[in-house]
Amino acid sequence: SFLVIILSIIGLGTIFIFRPALNYIRKAIRGIKETEELRIKEKNDFENILNVNIDMLCVSTSAGYFSKINNQFEEILGYKLNELEGLNFLNLVHEEDYNSTIKAMEDINDRKEVIGFTNRYRCKDGSYKYIEWRSKLMGDNVYSSARDVTSNKLQEAELTLNAMMDKLTNLYNRHYLYQVVGNYMEYADRYEVPLSVLILDLDFFKRVNDTWGHPIGDEILKMTAKMMKEAIRESDILVRFGGEEFLVLMPQTSIEGAIVVAEKIRMAIEEANHPITGKITASLGAAERMKMESFRHLYYRVDKALYEAKETGRNRVVASDKGKELEVGVLLIEWKKEWESTNEIIDNQHRKIIVMANQVINLYLEATSKKEIENQLNKLLELIAEHFKTEEYILKEINYPGYAHHEELHHKLLAKSLKVKELVHSTEVTPSAFYSFIMDDVIAGHIEDEDTKFFFYFRKE
């Protein structure tokens, strides 16, 4: 019995000694259980938030792998959720949007929030949908919300197309031409292939409207458009340029080929017979683009050829003669009031460029030695390059929103200037084509069309 008493005392002591530890263990087990329950609840709450939201929501790695997505992805794109989770979304992006998507990913990884970025995603049925994103990097993950904007994009595309089509003839209009002509000229310069332009103007068209009224005049315009379409190639761009004037942009076509097509069109119109007006005729001008020539300058030449066709009897084709050249001596560049930005540094540099450009043009006109022309041209191009650097610095300082686009335009102009320099050295560029580069690309095409866009940001300071 003494032994029993001793063991009982030892047992009670053990209980008193270990009770706090046992209580701690019980609490710890309870805490783990509660934490797990909370984690499961949070997970379920997150799942519910994901799947009741009408937007597409997802979590992805910074490298672009989906780790969590909601049911809206399945509804919009057609894939099962388990088909997307673990997949890199670049596998679904349209190849034309690949580079812009990479750029957006780089911005996100640089801790920039991406808002309103849109790209095309391939659906399970092989079609594509436009998806607009809002994404932000938090910790190691990218959190994104997105929405399907395909219908909006298609409506925008339809509106854009309508804005670039002539409703009467169903041809492209001049707005479309201005959108695409730069690409065709760049291609011609890069691959050294010809590019020609035709302009057609109906003879005595005003008489048609005055005699039979505009509805009959509209019939003549539609008939002309139809005959021109039948005479040109699929690769040619036919445009109703305005009124009774039509323009044909002819890629990879020499002046000889353009004249053949122009004569074909002229004869088709002459041989046609409208039931009310009877026979009509048309006059056409044709020109092949010179190396590095701007469209503004090219149009001037082909329009001049059309004027000559009109003045010498109508119902004929006249080609622009490169040998005649433009009367550039009376076209020296003068400073315009609207070119003043109110920024003294930029305005002074612009004025210096114009002064030096006029000096180079005069050297051309005076048939000065090639060496002297090249020396002066080098100084002009150095001045332009220096100005671009200064202008970019100033635009960055004022946080100009179009800075990146403007910088890109500078790079393109500098690349073109080097090409002009090569052509001057090899005597392959004519005085009027050189004038075209200075006046249309650097002055009118850049200062007037592009630089004036940032003048507002100086005036509001």
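Attention here is on the structure that accompanies the text. In this convention, every chain numbers its residues from 1, walking through the sequence in written order. Owing to the predicted nature of the model, reporting of local features is limited to residues with pLDDT of at least 70; listing and counting of side-chain atom pairs is limited to 80 or more, with chain, interface and lining totals taken over all residues. With hydrogens and water set aside, each side-chain value is computed from the structure's full complement of heavy atoms.

**Side note on the overall build of the protein**
Numbering of helices and strands runs from the N terminus; a helix is a DSSP stretch of H or I covering at least four residues, while a strand is a stretch of E covering at least two. Along the protein, the regular secondary structure elements total 15 helices and 11 strands. Residues counted as buried form 43% of the 461 residues belonging to the protein. The criterion used for residue contact is that any of the two residues' heavy atoms lie within 4.5 Å. The long-range share in the protein, meaning contacts at least 24 apart out of those at least 6 apart in sequence, stands at 60%. With the model as given, the accessible surface of the protein reaches about 26,100 Å², and the carbon-plus-sulfur share is 54%. Each residue is assigned to one of three classes by its accessible area relative to the maximum for its type, calculated with a 1.4 Å probe on protein chains only: buried under 20%, partly exposed between the two thresholds, exposed over 50%. Computed with a 1.4 Å probe, the accessible areas rest on the Shrake-Rupley method; for each residue, only the protein chains presented here act as cover.

**Some details on helix α4 (residues 98–109)**
Helix span, expected: 1.5 Å multiplied by one less than the number of residues in the helix. Taking 1.5 Å as the rise per residue, α4 with 12 residues should run 16 Å; its terminal C-alpha atoms sit 17 Å apart, in good agreement. Every buried residue of α4 is listed here: T101, A104, M105, D107 and I108. The buried residues of α4 occupy one face: seen down the axis, they fall within an arc of 160 degrees. Packed against the buried residues of α4 are β3 (114–122), β4 (128–138) and β5 (141–148). Just downstream of α4, R111 is the residue with a positive phi angle, here 70 degrees. Note: the arc covers the axis-to-C-beta directions of the helix.

**Structural notes on the nonpolar core**
Of all hydrophobic cores here, the largest spans 30 residues; its most connected members are L198, L200, L202 and I265. Breaking this core down by element, the ones donating at least two residues are β7 (195–202), α7 (205–212), α8 (214–231), β9 (245–251), α9 (255–271) and β10 (282–288). Ranked by the residues each element gives to this core, the list is headed by α8, at seven residues. What L202 contacts, discounting residues up to four positions off in sequence, is I220, L221, T224, E244, I280, T281, A282 and K310. In terms of nonpolar packing, the next biggest core, distinct from the first, is built from 28 residues, L377, L413, L423 and I443 among them. Side-chain atoms within 4.5 Å link the members of a nonpolar core, which is a set of buried Ala, Val, Leu, Ile, Met, Phe, Trp, Tyr and Cys residues.

**Regarding the pattern of salt bridges**
Salt bridge, as used here: a side-chain nitrogen of Lys or Arg that lies within 4 Å of a carboxyl oxygen of Asp or Glu. Taken as a whole and judged by the stated rule, the model has 24 salt bridges. A salt bridge links K124 to E83, with the shortest nitrogen-to-oxygen separation between them at 3.0 Å. Within this pair, whereas K124 is found in the loop between β3 and β4, its partner E83 is found in helix α3 (residues 81–84), the two being separated by 41 residues in sequence. Residue classification places K124 among the partly exposed positions, given a relative accessible area of 47%. Between R134 and E113 there is a salt bridge, and its shortest N-O distance comes to 3.0 Å. Residue R134 is found in strand β4, and its partner E113 is found in the loop between α4 and β3; the two are separated by 21 residues along the sequence. By relative accessible area, which is 43% here, R134 ends up partly exposed. Here the salt bridges share partners, and the residues they tie into one network are E96, D97 and R120.

**Observations regarding helix α13 (residues 403–425)**
If you check α13, its first and last C-alpha atoms are 33 Å apart, about what 23 residues at 1.5 Å a residue would give, namely 33 Å. Those residues of α13 lying buried are Y403, H406, L409, H410, L413, K416, S417, V420, L423 and V424.

**Observations concerning the packing of helix α12 (residues 370–397) against α13**
Direction vectors running N to C along α12 and α13 enclose 175 degrees, while the axes themselves pass 11 Å from each other. When the interaxial angle is binned, α12 and α13 end up roughly antiparallel. Together, K370, I373, E374, L377, N378, L381, A385, F388, E391, E392, L395 and K396 of α12 and Y403, H406, E407, H410, L413, L414, S417, K421, V424 and H425 of α13 make up the contact between the two elements. Ten residues, namely Ala, Val, Leu, Ile, Met, Phe, Trp, Tyr, Cys and Pro, are considered nonpolar, four, namely Asp, Glu, Lys and Arg, are considered charged, and the remaining ones, Gly among them, are considered polar. Tallied by class, residues from the contact of α12 with α13 come to 10 nonpolar, five polar and seven charged. Note on method: axes are straight lines fitted to C-alpha atoms, helices fitted across the in-contact stretch only, with angles between N-to-C directions ranging 0 to 180 degrees. With respect to orientation, any angle under 35 degrees is reported as roughly parallel, any angle over 145 as roughly antiparallel, any angle of 65 to 115 as roughly perpendicular, and every other angle as oblique.

**Some words on the pairing of β7**
When you tally the buried positions in β7, you get eight out of eight residues, the bulk of the element. Neither face of β7 is open: one carries L195, V197, I199 and D201, the other S196, L198, L200 and L202, and all of them are buried. When β7 meets β9, the two strands line up antiparallel, connected through seven bridges. Along β9, the bridge assignment pairs D201 with E245. Two strands pair if DSSP finds at least two bridges between them.

**Considering the packing of aromatic side chains**
Pairs were defined over the aromatic rings of Phe, Tyr and Trp, the Trp ring being its six-membered one, requiring ring centres within 6.5 Å. Orientation was assigned from the angle between planes: stacked under 30 degrees, edge-to-face over 60, tilted for the rest. A complete count under the given rule lists 16 aromatic pairs for this structure. Taking 4.6 Å as the distance between ring centres and 45 degrees as the angle between the ring planes, the aromatic pair formed by Y187 and Y191 counts as tilted. Of this pair, Y187 and Y191 both sit in helix α6 (residues 174–191), four residues apart, which is roughly one turn of the helix. Residue classification places Y187 among the partly exposed residues on the basis of a relative accessible area of 36%. Of the residues examined, Y191 reaches a relative accessible area of 49% and is grouped as partly exposed.

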